[in-house]
Amino acid sequence: MSAATRDSVSARRERLLGDEPGAFAVARFVRVTAQKSRRIGDLIRGESVDNALATLQFAPQAVAEVFYKLVESAAANAATTEGLDRSSLIITTVLVDEGPTMKRWRPRAKGAANRILKRSSHLTVVVQPADFVEGKRLAAATKNSKKKGGNR
C-alpha cells in the first residue's frame, strides 16, 4: 500500500516518516537502561538491514537480541504494508527513549535502606529505501552548498 492510498495515518507514523516511504517498529518497556541501548543503536544507525542483522546477531550485549527482532519487524512492515524491497532498506533512525523506572529498596546495615533503580527504555527503528535516502542526502548537500555561496 502506498502513502497515497493510505486512509488513516497514525500520529506516530506522521511524526517519524510523514509522507516519506518507509516503515518502523517500536518496542516499549524493554528492561535495559537507555544508556546501554544507545550503544547498540549507534552501531546499526545508517546500516543496511542485512548488515545490521549480521552485526546484531553476534553482538554480546543482551539488548542486541531485542534490536534484532525490532529490525526484522521493521523490515517485514516495510515489505508487507509499503511493498518495499527488503534488500534495499536502510536504517535511517534509531530512537532510544527512557521508559519508566521501577524503584525498589534493599535493606542495609543498621536498619538503613538503599534505593535500587530498575530502568527501562522504549526503542524505535525506522527503515527507508536506499534510493530515497540517497536522493534526500544529495538534495540536502546541494541546498547547503548554495546556502554557503556555492563555487566562488
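A brief structural summary. Here the structure is a predicted model, which is why all the values come from computation and not from measurement. (Residues numbered from 1 in each chain as written. Predicted model: local features only at pLDDT ≥ 70, side-chain atom pairs only at ≥ 80, totals over all residues. Heavy atoms only, no water.)

Broken down by element type, the protein chain carries five helices and five strands. Rg of the C-alpha trace for the protein chain: 20 Å, well past the compact-globule value of 15 Å for 152 residues, more than 25% over. The C-alpha extent of the protein chain, read off along each of the three principal axes, is 70 × 45 × 35 Å. For the protein chain, the residues scored as buried account for 32% of the 152 residues in total. A fraction of 69% describes how many contacts in the protein chain between residues 6 or more apart in sequence connect residues 24 or more apart. Carbon and sulfur atoms make up 51% of the accessible area of the protein chain, which amounts to about 9800 Å² in all. Side-chain charges in the protein chain split into 27 positive and 15 negative, and the spacing between the mean points of these groups amounts to 15 Å. (Helix = DSSP H or I, 4+ residues; strand = E, 2+ residues; numbered from the N terminus. Rg over C-alpha atoms; globule rule 2.2 N^0.38 Å. Buried < 20%, exposed > 50% of the residue type's maximum accessible area, 1.4 Å probe, protein only. Contact = heavy atoms within 4.5 Å. Areas by Shrake-Rupley, 256 points an atom, 1.4 Å probe, with all protein chains shown as cover. Lys, Arg positive; Asp, Glu negative; His and termini not counted. Charge placed at Lys NZ, Arg CZ, Asp CG, Glu CD.)

Its place among the elements puts H122 in strand β5 (residues 121–129). For H122, the side chain forms a polar contact with the main-chain nitrogen of F29, separated by 3.1 Å. (Polar contact = N/O pair within 3.5 Å; in protein donor to acceptor, adjacent residues only side chain to side chain.)

Attention shifts here to the nonpolar core. Grouped together as the largest cluster of nonpolar side chains are 29 residues, with contacts concentrated most on I44, F67, V71, I91, L123, V125 and V127. Of all elements in the fold, only β1 (23–30), α2 (34–44), α3 (49–57), α4 (63–82), β2 (89–98) and β5 reach the threshold of two or more residues within this core. Ranked by residue count, the leading element in this core is α4, at eight residues. (Core = buried A, V, L, I, M, F, W, Y, C linked by side-chain atoms within 4.5 Å.)

With that out of the way, let us pick up the environment of V49. Considering the arrangement of structural elements, one finds V49 in helix α3. Looking at V49, the relative accessible area reads 1%, which means it is buried. For the pair V49 and A78, spaced 29 residues apart in the sequence, the C-alpha separation amounts to 11 Å. Setting aside its immediate chain neighbours within four residues, V49 contacts V71, A75, R86, L89 and V127.

This part is about the side chain of S120. With respect to the secondary-structure elements, S120 resides in the loop between β4 (113–118) and β5. A relative accessible area of 6% means that S120 is categorised as buried. Engagement of the side chain of S120 in a polar contact is seen with the backbone oxygen of P100, the distance being 2.7 Å. Not counting the four nearest positions on each side in its chain, S120 is found in contact with F29, V30, R31, V32, E98, G99 and P100.

Let's shift gears to the sheet that holds β5. One open sheet holds the three strands; their spatial order is β1-β5-β2, and the pairing between them is antiparallel. Because the sheet does not close on itself, it has two edges, and the strands there are β1 and β2. On average, each strand axis in the sheet is inclined to that of its neighbour by 15°, with strand direction left out of account. As paired elements, β2 and β5 share nine bridges and run antiparallel to each other. From the neighbouring strand, I91 faces β5, where its bridge partner is V127. (Pairing = 2+ DSSP bridges. Axes fitted to C-alpha atoms, helices over the stretch in contact; angles between N-to-C directions.)

As a further point, take the packing of α3 against α4. Each packed pair of helices is defined by two parameters, the angle between the axes and the distance between the axes. Running from N to C, α3 and α4 point in directions that differ by 160°, and their axes come no closer than 9 Å. When the axis of α3 is compared with that of α4, the two are roughly antiparallel. Read as a crossing pair, α3 and α4 show a hand that is left-handed. Here V49, L53, L56 and Q57 of α3 lie close against α4, whose contacting residues are A64, F67, Y68, V71, E72 and A75. Grouping the constituent residues of the contact of α3 with α4 by class yields eight nonpolar, one polar and one charged. (Parallel < 35°, antiparallel > 145°, perpendicular 65-115°, else oblique. Left-handed = near helix turned anticlockwise from the far one by under 90°. Nonpolar A, V, L, I, M, F, W, Y, C, P; charged D, E, K, R; others polar.)

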